[in-house]
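Listed here are the chains, written in short residue letters.
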Amino acid sequence: MANTPQARKRARQNQKRYDINRARRSRIRTFLRKVEEAIASGDQAAAATALRAAQPEIMRGVTKGVMHKNTAARKISRLAKRVKALG
């Protein structure tokens, strides 16, 4: 357990940041799941709409430090490729 005031404060900050990042990651995964479900249903219009909604959410995760830039780009690219293949 943290003994110094500074260590106690850092522990509080770390917990707060962990909770925020966990919520952000969960939100991103929800958007990704919606795209996956639309692709699985075979509806290109719904998949494209879901992908357009997911892209800014994924990139927001990058700016907030939850996800690496290249990981986000790779995910978006692969989803876009799959959505385009539905057409």
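Preceding this paragraph is the structure being described.
For clarity, every value in this text was computed on a predicted model and none was experimentally measured.

Peer 1: What am I meant to see in the overall build of the protein chain here?
Peer 2: Of the regular secondary structure elements, the protein chain holds 3 helices and 0 strands. Helices (α) and strands (β) of the protein chain occur, in sequence order from the N terminus, as α-α-α. Its C-alpha atoms give the protein chain a radius of gyration of 17 Å, more than 25% over the compact-globule value 12 Å for 87 residues. Scored against the burial criterion, the 87 residues of the protein chain give a buried share of 24%. Relative to all contacts within the protein chain whose residues are 6 or more apart in sequence, the contacts with residues 24 or more apart total 58%. As presented, the protein chain carries roughly 6,300 Å² of accessible surface, and 51% of it is formed by carbon and sulfur atoms. Averaged over its 23 positive side-chain charges, the protein chain has a centre that lies 12 Å from the centre of its 5 negative ones.

Peer 1: Would you mind showing me how to read the nonpolar core here?
Peer 2: Most often, soluble globular proteins keep nonpolar side chains buried together rather than apart. Formed by 17 residues in total, the largest nonpolar core has its most connected members in Val35, Ile39, Ile58 and Leu79. The set of elements that each furnish at least two residues to this core consists of α1 (5–41), α2 (44–63) and α3 (69–86). Those residues in contact with leucine 79, other than ones at most four positions away along the chain, are Leu32, Val35, Glu36, Ile39 and Leu51.

Peer 1: How should the pattern of salt bridges be read in this particular structure?
Peer 2: A side chain with one charge can pair with a side chain of the opposite charge if their charged atoms come near. Under the counting rule described, the total for this entry stands at 4 salt bridges. In this structure, the salt-bridge partner of arginine 22 is aspartate 19, at a minimum N-O distance of 3.8 Å. With a gap of 3 residues between them, arginine 22 and aspartate 19 both fall in helix α1, about one helical turn apart. A single salt-bridge network, built from bridges that share partners, covers Arg27, Glu57 and Arg60.

Peer 1: Just to check I follow, could you spell out a positive patch on the surface for this structure?
Peer 2: On the surface, a cluster of positive charge is contributed by Arg29, Arg74, Lys75, Arg78 and Lys81. Among the elements that take part in the positive patch, α3 stands out by supplying 4 residues, more than any other.

Peer 1: Honestly, the packing of aromatic side chains in this entry has me stumped. Any pointers?
Peer 2: Scanning all chains against the criterion turns up 0 aromatic pairs. A cation over an aromatic ring shows up here: lysine 34 above the ring of phenylalanine 31, its NZ or CZ 5.4 Å from the ring centre.

Peer 1: Hey, could you run me through the side chain of glutamate 57 in this one?
Peer 2: One can find glutamate 57 in helix α2. We classify glutamate 57 as buried; its relative accessible area is 9%. A distance of 2.7 Å separates the side chain of glutamate 57 from the side chain of arginine 27, its partner in a polar contact. Beyond its immediate sequence surroundings of up to four residues, glutamate 57 is in contact with Arg27, Ile28 and Phe31.

Cut-offs and rules
- Residues numbered from 1 in each chain as written.
- Predicted model: local features only at pLDDT ≥ 70, side-chain atom pairs only at ≥ 80, totals over all residues.
- Heavy atoms only, no water.
- Helix = DSSP H or I, 4+ residues; strand = E, 2+ residues; numbered from the N terminus.
- Rg over C-alpha atoms; globule rule 2.2 N^0.38 Å.
- Buried < 20%, exposed > 50% of the residue type's maximum accessible area, 1.4 Å probe, protein only.
- Contact = heavy atoms within 4.5 Å.
- Areas by Shrake-Rupley, 256 points an atom, 1.4 Å probe, with all protein chains shown as cover.
- Lys, Arg positive; Asp, Glu negative; His and termini not counted.
- Charge placed at Lys NZ, Arg CZ, Asp CG, Glu CD.
- Core = buried A, V, L, I, M, F, W, Y, C linked by side-chain atoms within 4.5 Å.
- Salt bridge = Lys/Arg side-chain N within 4 Å of Asp/Glu carboxyl O.
- Patch = residues over 30% accessible without salt bridge, like charges linked within 9 Å, V, L, I, M, F, W, Y side chains within 5 Å.
- Phe/Tyr/Trp six-rings, centres within 6.5 Å; stacked < 30°, edge-to-face > 60°.
- Lys NZ or Arg CZ within 6 Å of the ring centre and 35° of its normal.
- Polar contact = N/O pair within 3.5 Å; in protein donor to acceptor, adjacent residues only side chain to side chain.

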